Amino acid sequence: LALDFKSAGLIDRSERTLQDVVTRDPDNLSGWLCLRRVYEEMGRWEEAGVTQARIDKLAGSSDDRLLASLWTERGNAAQKEGDAEAAANCYETALGLDPAYAPAHLGAGDSLADRGDLPLALQHWEMALGDGAAWAMQALERISDVSVESGDWERVEGACAKILDRQPHSWRVQLVLARLHQKRGDLDAARQALTLALTEKPGSITVQRELWQVLDAQGAAGSAVGDLFAGVIDEARLVDPYVCMKCGFKANQPFARCPHCHDWNTVADEQS
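Residues numbered from 1 in each chain as written. Predicted model: local features only at pLDDT ≥ 70, side-chain atom pairs only at ≥ 80, totals over all residues. Heavy atoms only, no water.

Draft legend 1. The arrangement of the packing of aromatic side chains in detail. Within the structure shown, the criterion is met by two aromatic pairs. A ring pair is formed by Trp-45 and Trp-264, whose centres lie 6.0 Å apart and whose planes are at 75°; its orientation type is edge-to-face. Of this pair, Trp-45 sits in helix α4 (residues 45-59) while Trp-264 sits in the loop between β2 (250-251) and β3 (267-269), placing them 219 residues apart in sequence. Each member of the pair, Trp-45 together with Trp-264, is buried. Over the face of the ring belonging to Tyr-242 we find Arg-172, whose NZ or CZ atom lies 4.3 Å from the ring centre. (Phe/Tyr/Trp six-rings, centres within 6.5 Å; stacked < 30°, edge-to-face > 60°. Helix = DSSP H or I, 4+ residues; strand = E, 2+ residues; numbered from the N terminus. Buried < 20%, exposed > 50% of the residue type's maximum accessible area, 1.4 Å probe, protein only. Lys NZ or Arg CZ within 6 Å of the ring centre and 35° of its normal.)

Written out as structure tokens, the structure reads:
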């Protein structure tokens, strides 16, 4: 009955029914699992975390990454509400459970950057470089934005090298390097990086567009084609998406919890 309520969008009634289930049968693991998912749907991350702790106790094991995910979402919600202190505490708790969890490092870094502590924010973003290709790129983009503005080219190059050591075929890293070269005015190096990126990801609209722009800036024929790709990318619904490894859902940005199948930490770069 609770699942029927949930499918019909009657989340409040589903919650009340599941609360009745676990009150009548406190050891009902399926009931607690469904209740946690309902809390996730409602964005009630504190209750979801408490429920997951109960699930771990019943199962006799601990899913630290899932708990870290729930604490991170709780921190993100606090951050949106402007409660920086509560957000920081949530991220700290998440990292205490899973020190390598990239979304928690990203959130902690964003919180610190909002408060003007860029050196410590950069440390957190650099920690996120090692936890999955999708999150590594999110971290790299943040590092690049801050470092390029301050002229710290070496930090960006070091972050790119760290990812390429583990993922030598990462076309997204080559794209970041190409943009870095363009800011420096080195169009030949930008062209080489984009050509390598296009070799790794021939179907990327983003890479094709930027390569034509570089060629145009170098005086090569192709301005009209570059303009054409610019129009395509403006109209494209999904450009170089990230994908859920379980259900195939695609999105322009990586996600901790799949919006379609609701499983946690299943995101990957589509090429992967």
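Still to come is the rest of the account.
Draft legend 2. Layout of the pattern of salt bridges. Across all of its chains, the model carries 17 salt bridges by this definition. Linking Arg-257 and Glu-40 is a salt bridge whose minimum nitrogen-to-oxygen distance equals 2.9 Å. Placement of Arg-257 in the loop between β2 and β3 and of Glu-40 in helix α3 (residues 29-42) is noted, with a sequence separation of 217 residues between them. On the basis of relative accessibility, which here comes to 16%, the residue Arg-257 falls in the buried class. When its relative accessible area of 2% is taken as the criterion, Glu-40 is described as buried. Here Glu-126 and Arg-155 are joined by a salt bridge, their closest N and O atoms 2.5 Å apart. Of this pair, Glu-126 sits in helix α8 (residues 118-127) while Arg-155 sits in helix α10 (residues 153-166), and the two are 29 residues apart along the sequence. Overall, the relative accessible area of 24% leaves Glu-126 in the partly exposed class. Residues joined by salt bridges that share partners form a network here, namely Arg-36, Glu-40, Glu-41 and Arg-257. (Salt bridge = Lys/Arg side-chain N within 4 Å of Asp/Glu carboxyl O.)

Draft legend 3. Representation of the sheet that holds β3 within the structure. Taken in spatial order, the three strands make up an open sheet running β2-β1-β3, and their pairing is antiparallel. The open sheet has two edge strands, β2 and β3, and neither has a second partner. The pairing of strand β1 (residues 242-244) with β3 spans three bridges and is antiparallel. Across the sheet, the residue bridging to Cys-244 is Val-267, located in β3. (Pairing = 2+ DSSP bridges.)

Draft legend 4. Region of interest: the environment of Ile-143. Examined against the element boundaries, Ile-143 turns out to sit in helix α9 (residues 133-150). A relative accessible area of 0% places Ile-143 in the buried class. A sequence separation of 67 residues divides Ile-143 from Glu-210, and the C-alpha atoms of the two residues are 21 Å apart. Every residue in contact with Ile-143, bar those within four places of it in the chain, is listed here: Leu-122, Trp-125, Glu-126, Leu-129, Arg-155, Val-156 and Ala-159. (Contact = heavy atoms within 4.5 Å.)

These figures capture arrangement, not role.
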